[in-house]
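# Per-entry structural report
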Amino acid sequence: MVLVKRKLLAGRRAFVTLASQSIGNDLLKGLVEIITNGDDSYYRLESKGIPGSGKIEIEIDRRPKSKQTLIRIRDFAEGIDNQRMDECVGYYGENVSGDTGRGFFGMGLKDTIINFGEGEIKSIKDAKYYRCKLKADDFTLYNPTTADKRIRKELSIPNNGTVVEILVTNPRVRIPYFENLREDLQNHILLRLIMSDTHRTIVLRDLRSGNESTLFYQEPEIDAILFDKVVPIPEFPNAQIQFTVKKAKGSFPLSQEGSCRTGGILITTRRTVHEATLFEYDSDPFAANLFGELRCEYIYELQHSSEPVVDRNRDGLMRNHPFTKCLVREAKKILKTIVEEEKEKEKQRERELENENTRKRFQEAVKELNKIATLELEKLSGPGTGGTGHCTAPL
């Protein structure tokens, strides 16, 4: 006889552990999750032909007395009703992003709130006000009310939109200074497509200092496009990839490590950047100025089929997946050729420079020899001879 049959339940420790593994104490990673949620919402509207402002506001309210910081992220997109809040915040493991390529694990927003402290999601959708709270494993969903003028003023949302508020109580979460946070956000690889999208406006505000800045990503100036072709993968004939490799101008190399690197190849699908890499050439001096994009929609198809091709903590592609292995193999072949060509170009430049230096040294040597020869001739001719070099007998 069956005594109990139900789905497994997770306790508080499990939720906190999952959140810590996914987001850790990285403020940037948490902000990325919420910013991309806002972008997803705008994208769903745009896919239906509904225009939106594309604006996302990030507000930082530092509270030094209580050693806490309130983070507020606001969008003016679809808005979220109770059903959507329950799906996005009340459950783990569901695809909540739609067809943008994100959100397949249904964890980002929840993990951010749980690990940072506590949070509240407030939203207006079709003249109704919806609200929920989350702290550790305590999820509270409130009855909707009318979105009156007072509520709209409080949220600063005139029509539809959502505000995510997170009270950071975790002392291990470091809040960078305004300028550092601005630079890190607008250069973050996972926000690269959003920060360079002309249909998005991302605003960062520090409520205590009054600083405000519109964020955007500035691509390095291009010296040359070294490769721009569709690359087939023999084992996966439906998984052609568009691979573009560019070389940046200037003698200073791009940064080729970290989540805010300016170089590297972005691996993208739809609206999502999965990682940036140079496929084992990250430390190669002849790849120092390389950047570009590897766009592969097949990654989305694998995700949609529940294939573990992307790391659940959004740290890039799973290198042990059969498709990823083939993808990396083909990309490395192309990069190897490019790096070897760049190496040969550098050797040729060095040879040309050496030849030019040798020519200049030879010319300088000839000049010096001519000077010496002229001085010696003057000594031989003596004074008052007119410099002919011949002696004349007195009359």
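In the block above lies the structure referred to throughout.
Description of the structure in this document. In this text the structure is predicted, and so the values were computed from the model without any measurement.

The number of helices and strands found in the chain is nine helices and 14 strands. Within the chain, counting contacts between residues at least 6 apart in sequence, those at least 24 apart form 66% of the total.

Before going further, it helps to examine helix 6 (residues 178–187). Those residues of helix 6 that fall on the buried side of the exposure criterion are F178, L181, R182, L185, Q186 and N187. Elements that come into contact with the buried residues of helix 6 comprise helix 2 (27–47), strand 1 (55–63), helix 7 (192–195), strand 8 (201–206) and strand 9 (212–215).

The next thing to look at is the environment of R312. As for its placement among the helices and strands, R312 is situated in the loop between helix 8 (298–304) and helix 9 (322–381). According to the relative accessible area criterion, R312 is partly exposed, its value standing at 28%.

In this structure the tally under the stated criterion is 39 salt bridges. For R271, the salt bridge identified is with D39, shortest N-O distance 2.6 Å. A residue pair is termed long-range when its members are at least 10 positions apart, and R271 in the loop between strand 12 (264–269) and strand 13 (272–277) and D39 in helix 2 qualify at 232 residues. In this structure, R271 and D39 share a single accessibility class: buried. Among the ionic pairs, D197 bridges to R271, the shortest N-O distance being 3.0 Å. With D197 in the loop between helix 7 and strand 8 and R271 in the loop between strand 12 and strand 13, this residue pair connects regions lying 74 residues apart in the sequence. Just as D197 is buried, R271 falls in that class too.

For the rest of this paragraph, the subject is the packing of aromatic side chains. Following the criterion strictly, the structure yields four aromatic pairs and no others. Aromatic side chains F236 and Y298 sit 6.0 Å apart centroid to centroid with 55° between the ring planes, which places their arrangement in the tilted category. Highlighted residues: F236 in the loop between strand 10 (222–231) and strand 11 (241–248) and Y298 in helix 8, separated in sequence by 62 residues. As far as burial versus exposure is concerned, F236 and Y298 are alike and both buried. Among the aromatic side chains, those forming a connected cluster through ring pairs are F236, Y298 and F323. Here the guanidinium or amino end of R131 rests over the ring plane of Y142, the centre of that ring lying 3.9 Å away. For the cation-ring pair, R270 lies above Y300, with the distance from its terminal atom to the ring centre recorded as 3.8 Å.

Attention now moves to the pairing of strand 3 (residues 117–125). The side chains of a regular strand alternate between the sheet's two faces. Burial runs high along strand 3: seven of the nine residues are buried. Relative to strand 7 (residues 161–168), strand 3 is paired through eight bridges, and the arrangement is antiparallel. Pairing of S123 across the sheet is with T162, part of strand 7.

So, about the side chain of S213. The residue S213 is located in strand 9 in this model. Look at S213 and you get buried, because its relative accessible area is 16%. The residues contacting S213, other than those within four sequence positions of it, are F178, R182, I202, V203 and L204.

This part covers the sheet that holds strand 13. Read from one edge of the open sheet, five strands run 10-11-14-12-13, paired in mixed fashion. The open sheet terminates on both sides in strands that have one partner only, identified here as strand 10 and strand 13. For this sheet, the mean inter-axis angle between neighbouring strands, taken without regard to orientation, is 15°. Looking at chain direction, strand 12 and strand 14 (residues 290–295) are connected through five bridges and run parallel. Across the sheet, residue I267 finds its bridge partner in strand 14, namely L294.

This part is about the packing of helix 2 against helix 4 (residues 108–116). One can describe the packing of helix 2 onto helix 4 by two numbers: an axis separation of 9 Å at closest approach and a directional angle of 145°. Taken as a pair, helix 2 and helix 4 cross one another with a handedness that is left-handed. Touching L27, G30, E33, I34 and N37 of helix 2 are G108, L109, T112 and F116, all from helix 4. Of the residues belonging to the contact of helix 2 with helix 4, the class tally is four nonpolar, four polar and one charged.

Turning next to the pairing of strand 1. Burial analysis of strand 1 places seven of its nine residues in the buried class, which makes it a mostly covered element. Relative to strand 8, strand 1 is paired through six bridges, and the arrangement is parallel. Within strand 8, the residue paired with I58 across the bridge is L204. Hairpin connection of strand 1 to strand 2 (residues 68–75): four residues between the antiparallel strands, including K67 at a positive phi of 55°.

With that settled, consider the nonpolar core. With 55 residues, the main nonpolar core has L31, I58, I121 and L185 as its most contacted residues. Per-element tally for this core: the top contributor is helix 2, with eight residues. With residues near it in sequence (within four places) discarded, I121 still touches I80, M85, V89, L109, I113, Y130, R131, C132, T162, V163 and V164. Of all hydrophobic cores here, the second largest spans 32 residues; its members include L317, C326, L327 and I334.

Turning next to the environment of L28. Take L28: it is sitting in helix 2. Distance in space between the C-alpha atoms of L28 and L185 is 7.1 Å, their sequence separation being 157 residues.

A positive phi angle, near 60°, is found at S156, a position not held by glycine. Looking at where S156 falls in the secondary structure, it is placed in the loop between helix 5 (149–155) and strand 7. Its relative accessible area of 41% is what places S156 among the partly exposed residues. Positive phi outside glycine occurs at E280, with the angle close to 75°. Here E280 is to be found in the loop between strand 13 and strand 14.

Rules used in this analysis
Residues numbered from 1 in each chain as written. Predicted model: local features only at pLDDT ≥ 70, side-chain atom pairs only at ≥ 80, totals over all residues. Heavy atoms only, no water. Helix = DSSP H or I, 4+ residues; strand = E, 2+ residues; numbered from the N terminus. Contact = heavy atoms within 4.5 Å. Buried < 20%, exposed > 50% of the residue type's maximum accessible area, 1.4 Å probe, protein only. Salt bridge = Lys/Arg side-chain N within 4 Å of Asp/Glu carboxyl O. Phe/Tyr/Trp six-rings, centres within 6.5 Å; stacked < 30°, edge-to-face > 60°. Lys NZ or Arg CZ within 6 Å of the ring centre and 35° of its normal. Pairing = 2+ DSSP bridges. Axes fitted to C-alpha atoms, helices over the stretch in contact; angles between N-to-C directions. Left-handed = near helix turned anticlockwise from the far one by under 90°. Nonpolar A, V, L, I, M, F, W, Y, C, P; charged D, E, K, R; others polar. Core = buried A, V, L, I, M, F, W, Y, C linked by side-chain atoms within 4.5 Å.

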